[in-house]
Every structure is written in C-alpha cells, then in structure tokens.
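Analysis of the macromolecular model
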Amino acid sequence: MTLGALGRKGWRALVAEHPPRKDNDDDAGMGVNEETFKDALVPLSVLSIEPATVTVEDLDDISDIDWDRLYYSAFALNRAPAAAPKALAPPASQENTTSDET
C-alpha cells in the first residue's frame, strides 16, 4: 500500500471538518477529533494498494491496530518535519573554482 500526503489546502479543510472535542486531551494533542478524523484521513491518503483486487473499502476488514498504523503514517506524511520541497531546496553546491595567481 502506498500512502501520500494531502495538499496543504486539502489538509486544512479536512482538519476544519473534524475539530477537537472539548475536554478531550487526545484530541487537543492532535488538533482534531480523533474519533472521526481517522476514518476520514486514511481513505483520502491511499494512493495505491497491492494486490489490485483490494480496495479502500476492504480496509474496514483490517484490525484496529493496523488501521491506527495507517492513520499515524498518513498523519505523519502531512505534519511531520520533512526535507525541503524541491522548489525550496537550495541549488546543488557548485565546485568552488578559484585560481592561485602568484
């Protein structure tokens, strides 16, 4: 299975649809209603599944702990620190060419 990050706007819209519940420490820590957000995020994050005969709907049959693993992986793809995107990465270092004129 391959998971991918949502775009910035898609992520923010999804988070807004699942605000943290009041007086829930788990929700406050994650910034979302974990009860509903898990079921929304995982299917949106699936890019591909092998074998091809398995569908996103089939994921309802996996264990709760495996679902949580998918959820935390999908969450991390969107929120964990990562390398700078190519568009923002500094150019490859160029060899410093100096001449010694003596």
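Keep in mind that what you see is a predicted model, and the values were worked out from it rather than measured.

A separate point is the overall build of the protein chain. Helix and strand content of the protein chain: four helices and two strands. Within the span of the protein chain, comprising 102 residues, buried residues form 25% of the whole. The long-range share in the protein chain, meaning contacts at least 24 apart out of those at least 6 apart in sequence, stands at 62%. Just so you have it, the protein chain exposes about 7800 Å², and 51% of that area is on carbon and sulfur atoms.

Averaged over all residues, the pLDDT of the protein chain equals 83, while 79% of them reach at least 70. Ranking the elements of the protein chain by mean pLDDT puts strand E2 (residues 46–48) last, at 90, and helix H1 (residues 8–17) first, at 95. In this model, residues 95–99 is a region of pLDDT below 50 whose contacts with residues beyond four sequence positions or in other chains number zero contacts.

Moving on to the packing of aromatic side chains. In this structure the tally under the stated criterion is six aromatic pairs. Residues Trp 11 and Phe 75 carry aromatic rings whose centres are separated by 5.3 Å and whose planes lie at 80° to one another, so their mutual orientation is edge-to-face. In this pair, Trp 11 is assigned in helix H1 and Phe 75 in helix H4 (residues 64–79), connecting sequence segments 64 residues apart. Exposure remark for Trp 11: the relative accessible area of 8% places this residue in the buried category. With a centroid separation of 6.3 Å and an interplanar angle of 75°, the aromatic rings of Phe 37 and Phe 75 are classed as edge-to-face.

The next point concerns helix H3 (residues 34–45). The first and last C-alpha atoms of H3 sit 16 Å apart over twelve residues, in line with the 16 Å expected at 1.5 Å per residue. Every buried residue belonging to H3 is among Glu 34, Phe 37, Lys 38, Ala 40, Leu 41, Val 42 and Ser 45, and all of these are buried. On its buried face, H3 is in contact with strand E1 (2–3), H1, helix H2 (25–30), E2 and H4. The N-terminus of H3 is capped by Asn 33, whose side-chain oxygen sits 2.9 Å from the backbone nitrogen of Glu 35.

So, how was this worked out
- Residues numbered from 1 in each chain as written.
- Predicted model: local features only at pLDDT ≥ 70, side-chain atom pairs only at ≥ 80, totals over all residues.
- Heavy atoms only, no water.
- Helix = DSSP H or I, 4+ residues; strand = E, 2+ residues; numbered from the N terminus.
- Buried < 20%, exposed > 50% of the residue type's maximum accessible area, 1.4 Å probe, protein only.
- Contact = heavy atoms within 4.5 Å.
- Areas by Shrake-Rupley, 256 points an atom, 1.4 Å probe, with all protein chains shown as cover.
- pLDDT = per-residue confidence, 0-100.
- Phe/Tyr/Trp six-rings, centres within 6.5 Å; stacked < 30°, edge-to-face > 60°.
- Expected span 1.5 Å × (residues − 1).
- Polar contact = N/O pair within 3.5 Å; in protein donor to acceptor, adjacent residues only side chain to side chain.

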